[in-house]
Amino acid sequence: MVVKVYGPDYASPKRVLVCLVEKEVEFETVPVNLVTGENRSPEYLKLQPFGSLPVIQDGDYTLFESRAIIRYYAEKYKSQGTDLLGKTIEDQGLVQQWLEVEAHNFHPPLNDLVLHIMFSSVLGFTRDEQVIKESEEKLGKVLDVYEDRLSKSRYLAGDFFSLADLSHLPFTNYLVGPVGKEYMIKERKHVSAWWDDISSRPSWQKVLQLCK
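Structural notes, computed from the coordinates.

How each quantity is defined
- Residues numbered from 1 in each chain as written.
- Predicted model: local features only at pLDDT ≥ 70, side-chain atom pairs only at ≥ 80, totals over all residues.
- Heavy atoms only, no water.
- Helix = DSSP H or I, 4+ residues; strand = E, 2+ residues; numbered from the N terminus.
- Rg over C-alpha atoms; globule rule 2.2 N^0.38 Å.
- Buried < 20%, exposed > 50% of the residue type's maximum accessible area, 1.4 Å probe, protein only.
- Areas by Shrake-Rupley, 256 points an atom, 1.4 Å probe, with all protein chains shown as cover.
- Pairing = 2+ DSSP bridges.
- Axes fitted to C-alpha atoms, helices over the stretch in contact; angles between N-to-C directions.
- Contact = heavy atoms within 4.5 Å.
- Core = buried A, V, L, I, M, F, W, Y, C linked by side-chain atoms within 4.5 Å.
- Parallel < 35°, antiparallel > 145°, perpendicular 65-115°, else oblique.
- Left-handed = near helix turned anticlockwise from the far one by under 90°.
- Nonpolar A, V, L, I, M, F, W, Y, C, P; charged D, E, K, R; others polar.

## Focus: the overall build of the protein
Along the protein, the regular secondary structure elements total 10 helices and four strands. Here the protein has a C-alpha radius of gyration of 17 Å; the compact-globule value for 212 residues is 17 Å, and the two agree. A buried classification covers 49% of the 212 residues belonging to the protein. Of the roughly 10400 Å² of accessible surface on the protein, 52% is carried by carbon and sulfur atoms.

## Points about the sheet that holds strand E1 (residues 3–6)
Pairing is mixed across the open sheet formed by four strands, whose spatial order is E2-E1-E3-E4. On the outer flanks of this sheet lie strand E2 (27–30) and strand E4 (61–64), each paired with one strand and no other. For this sheet the average axis-to-axis angle between neighbouring strands, irrespective of direction, equals 20°. In the packing of helix H1 (residues 11–22) onto the sheet, contacts are made with E1, E2 and strand E3 (55–58), and the angle to E1 comes to roughly 155°.

## Concerning the nonpolar core
Tyr146, Leu163 and Trp194 are the most contacted members of the largest nonpolar core, which has 55 residues in total. Counting residues per element, this core draws most heavily on helix H4 (residues 89–123), at nine residues. Other than its neighbours up to four places away in sequence, Leu163 contacts Cys19, Ile70, Arg71, Ala74, Leu84, Leu85, Val95 and Leu99. Counting residues in each nonpolar core, the second largest holds seven residues, with Tyr6, Val32, Tyr44 and Val55 among its members.

## Looking at the packing of H1 against helix H10 (residues 202–210)
One can describe the packing of H1 onto H10 by two numbers: an axis separation of 9 Å at closest approach and a directional angle of 130°. Taken together, the axis directions place H1 and H10 in an arrangement best described as oblique. Along this stretch, H1 crosses H10, giving a crossing that reads as right-handed. When H1 is examined against H10, the residues Lys14, Leu17, Val18, Val21 and Glu22 are found in contact with a partner set consisting of Ser203, Trp204, Lys206, Val207 and Leu210. When grouped by side-chain class, the residues that make up the contact of H1 with H10 number six nonpolar, one polar and three charged.

Interpretation in functional terms is not warranted from these geometric data alone.
As structure tokens, then:
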């Protein structure tokens, strides 16, 4: 059964796509246009009652929230493709820890930067320079923690690529690209090396080509 992934043009669904590529799971994509409100249609709300992206359909199984989805596939296909969870229970604990850091410390200020720099005009609200300034400061403090961590290990959870690293790909790609703040990565030696490593993975390059 081929997995259906909704909303491939947006960042959070790409988190799911790169996981599926790493796990060698077949998928197809279903476009969803947020600007025209397709995510608010009755049909879509049956799949995702909050109108957010992504959603997957795997046979008669439906799941939403990108980090829940990648955890699900990493476990379901643990013996297939790249092991994204870690071999020991301690490794797995660190993967989950850094996934939580990504969700609760890294993502919120970066998401504010993305919204105010990239999407304010499209979404119809005023770009707030104070929010941008404060969000950059918050994100910088998080990246300082990452710099320290990555001076001790190649990846966030240890010396193996995992969900913890993978989950950073879509929004950091915005940061170094259309958000225009690549220097936040490049000025931190170990964060920069980590980003160069994970963003050059064939799985991520495939997703970028797929979603052009």
